[in-house]
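Now for the letters of each chain:
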Amino acid sequence: MKNILITGGAGFIGSRLALRLLEEGYAVTVLDNLLSQIHGKNPENDCPLYNSIAGKVNFINGDVAKRQEL
Ligand SMILES: NC(=O)c1ccc[n+]([C@@H]2O[C@H](COP(=O)([O-])OP(=O)(O)OC[C@H]3O[C@@H](n4cnc5c(N)ncnc54)[C@H](O)[C@@H]3O)[C@@H](O)[C@H]2O)c1
């Protein structure tokens, strides 16, 4: 099985890509800082994009611009 990392993968494009790659049998990790402009204040409750991948991918809440989190 191949591993894939998608940065910004909870967004519009990344979440669709993540679901497609899961269907294809990839192990998907998403690194996303869940910007409130996109995901609201409570992504777990409010955001269909985040909820479409939650529990399916290995999700890391982090900022791609912060070396330690990346
Ligand atoms: N039709 C619709 O309902 C709809 C909705 C949203 C977007 N769009 C379109 O989709 C395109 C954009 O999609 P996209 O997926 O590129 O953008 P997006 O804004 O949907 O997703 C970007 C993701 O990156 C994350 N992110 C931002 N900065 C980050 C950082 N520093 N570290 C980690 N994660 C970070 C955000 O939290 C978000 O989840 C545009 O053309 C837009 O018009 C359409």
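I will try to describe carefully the structure that is included in this document.

Scoring rules and cut-offs
- Residues numbered from 1 in each chain as written.
- Predicted model: local features only at pLDDT ≥ 70, side-chain atom pairs only at ≥ 80, totals over all residues.
- Heavy atoms only, no water.
- Helix = DSSP H or I, 4+ residues; strand = E, 2+ residues; numbered from the N terminus.
- Expected span 1.5 Å × (residues − 1).
- Contact = heavy atoms within 4.5 Å.
- Pairing = 2+ DSSP bridges.
- Axes fitted to C-alpha atoms, helices over the stretch in contact; angles between N-to-C directions.
- Near = heavy atom within 4 Å.
- Polar contact = N/O pair within 3.5 Å; in protein donor to acceptor, adjacent residues only side chain to side chain.
- Areas by Shrake-Rupley, 256 points an atom, 1.4 Å probe, with all protein chains shown as cover.
- Nonpolar A, V, L, I, M, F, W, Y, C, P; charged D, E, K, R; others polar.
- Core = buried A, V, L, I, M, F, W, Y, C linked by side-chain atoms within 4.5 Å.
- Buried < 20%, exposed > 50% of the residue type's maximum accessible area, 1.4 Å probe, protein only.

**Section: helix H1 (residues 12-23)**
Link 1 in the chain: A rise of 1.5 Å per residue sets the reference length of H1, with its twelve residues, at 16 Å; its end C-alpha atoms lie 17 Å apart and thus fit the reference within 8%.
Link 2 in the chain: Buried-residue contacts for H1 involve strand E1 (3-7), strand E2 (27-32) and helix H4 (48-53).
Link 3 in the chain: Where H1 ends, the next residue or the one after it, Gly25, has phi of about 95°, a positive value.

**What about the sheet that holds strand E3 (residues 58-61)?**
Link 1 in the chain: Across the sheet, three strands lie side by side as E1-E2-E3; this open sheet has parallel pairing. Edge positions in the sheet fall to E1 and E3, since each of these pairs with one other strand and no more. Strand-to-strand twist across the sheet, computed as the mean angle between neighbouring axes with direction ignored, equals 15°.
Link 2 in the chain: Pairing geometry for E1 and E2, over five bridges, is parallel. Bridge assignment links Leu5 to a residue of E2, and that residue is Thr29.

**A short note on the site of the ligand**
Link 1 in the chain: In the vicinity of the ligand, 14 residues are found, and the nearest of them are Phe12, Ile13, Asp32, His39 and Asp63.
Link 2 in the chain: Gly11 is positioned such that a nitrogen or oxygen atom in its backbone is 3.2 Å from an oxygen atom of the ligand.
Link 3 in the chain: Note that a nitrogen atom of the ligand is positioned 2.8 Å from one of the side-chain N or O atoms of Asp63.
Link 4 in the chain: Considered on its own, the ligand offers 850 Å² of accessible surface; in the complex 53% of this is hidden by protein.
Link 5 in the chain: Looking at the shell around the ligand, the elements with two or more residues in it are H1 and helix H2 (36-39).
Link 6 in the chain: Here the residues of the shell around the ligand are counted per class, giving seven nonpolar, five polar and two charged.

**Structural notes on the nonpolar core**
Nonpolar side chains in soluble globular proteins tend to end up buried together.
Link 1 in the chain: Of all hydrophobic cores here, the largest spans eleven residues; its members are Ile6, Ala10, Ala18, Leu21, Val28, Val30, Leu34, Cys47, Tyr50, Ile53 and Val57.
Link 2 in the chain: Secondary structure elements with two or more residues in this core: H1, E2 and H4.
Link 3 in the chain: In this structure Val28 touches Ile4, Ile6, Ala18, Leu21, Leu22, Val57 and Asn58, once residues within four positions along its chain are discounted.

Honestly, that's just the spatial picture; any functional story needs more than this.
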